[in-house]
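Listed here are the chains, written in short residue letters.
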Amino acid sequence: MADSSFDIVSKFDRQEVDNALGQTAKEIATRYDFKGTGATIEWKGEEAIEITASADERATAVLDVFKGKLVKRNVSLKVLDASDPRPSGQTSKIGIALKEGISSEDAKKISKLIRDEGPKGVKAQIQGDELRVSSKKRDDLQAVQALVRDQDYEFAVQFTNYR
């Protein structure tokens, strides 16, 4: 029998993030406490979002609304890398970078965890920004998924290509 395998990746659904951003922009436009604050949220390139408001508190409030919308759309908040509010003339801005992919050192951490604590006969290979885990038994792969899920990493973890 051939080996079964799956990939460990760290990705986000850009469409879901875009939908959450649109919902946040609509809520900012209609909510009473954001009237007259000049609060906006918009894309800055492909992998970044910028929040602008008249005060630090308003910009932080927009960020909280955006995080709430992401949670409702099942997007992990670990993909966000938000900066502190910074003054920019009369306004305050927050830059948010969206993180995707597993760094090589994080992949090595996961690989070491699987080797040390995972079932015997499970192999983990680093392939670019993802990790391929393979084994003869599917039950072992499910045990590895549970093991990785129980760890608390600073990046979002998804499992794909389960074969």
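Residues numbered from 1 in each chain as written. Predicted model: local features only at pLDDT ≥ 70, side-chain atom pairs only at ≥ 80, totals over all residues. Heavy atoms only, no water.

If you check an unreviewed UniProt entry, the protein chain appears there as Nucleotide-binding protein RDV89_17375 from Nocardioides imazamoxiresistens. On record in UniProt, under Sequence similarities (unreviewed entry), the comment for the protein chain is "Belongs to the YajQ family." Reading the Function (unreviewed entry) entry of the UniProt record for the protein chain gives the comment "Nucleotide-binding protein." (UniProt positions renumbered as here; feature names shortened; annotations may be inferred.)

Colleague: How would you summarise the nonpolar core if you had to cite specific residues and measurements?
Modeller: In this structure, Val17, Ile41, Ile49, Ile51, Phe66 and Ile96 are the most contacted members of the largest nonpolar core, which totals 25 residues. For this core, the secondary-structure elements that each account for two or more residues are helix H1 (14-30), strand S3 (48-53), helix H2 (56-72) and strand S6 (91-98). Here this core gets seven residues from one element, more than from any other, and that element is H2. Other than its neighbours up to four places away in sequence, Phe66 contacts Val17, Ala20, Leu21, Thr24, Ile41, Ile49, Leu80 and Ile96. Counting 16 residues, the second largest nonpolar core, distinct from the first, contains Val144, Leu147, Val148 and Phe155. (Core = buried A, V, L, I, M, F, W, Y, C linked by side-chain atoms within 4.5 Å. Buried < 20%, exposed > 50% of the residue type's maximum accessible area, 1.4 Å probe, protein only. Helix = DSSP H or I, 4+ residues; strand = E, 2+ residues; numbered from the N terminus. Contact = heavy atoms within 4.5 Å.)

Colleague: Provide a residue-level description of the pattern of salt bridges, including the pertinent values.
Modeller: Inspection of the entire model under this criterion finds 16 salt bridges. A salt bridge links Arg132 to Asp7; its shortest N-O distance comes to 2.4 Å. Placement of Arg132 in strand S8 (residues 130-135) and of Asp7 in strand S1 (residues 4-9) is noted, with a sequence separation of 125 residues between them. With a relative accessible area of 1%, Asp7 lands in the buried category. With a shortest N-O distance of 3.4 Å, Glu46 and Arg14 are connected by a salt bridge. In this pair, Glu46 sits in the loop between strand S2 (40-43) and S3 while Arg14 sits in helix H1, placing the two residues 32 residues apart along the sequence. (Salt bridge = Lys/Arg side-chain N within 4 Å of Asp/Glu carboxyl O.)

Colleague: Help me get a handle on helix H3 (residues 104-117), residues and values and all.
Modeller: The end-to-end C-alpha distance of H3 is 20 Å, a good match for the 20 Å that 14 residues give at a rise of 1.5 Å each. For H3, the full list of buried residues reads Asp106, Ala107, Ile110, Ser111, Leu113 and Ile114. Angular distribution of buried residues about the axis of H3 spans 155 degrees; they occupy a single face of the element. Along H3, the residues that are exposed and aim more than 90 degrees away from the buried face are Glu105, Lys108, Arg115 and Asp116. (Expected span 1.5 Å × (residues − 1). Arc of directions from axis to C-beta.)

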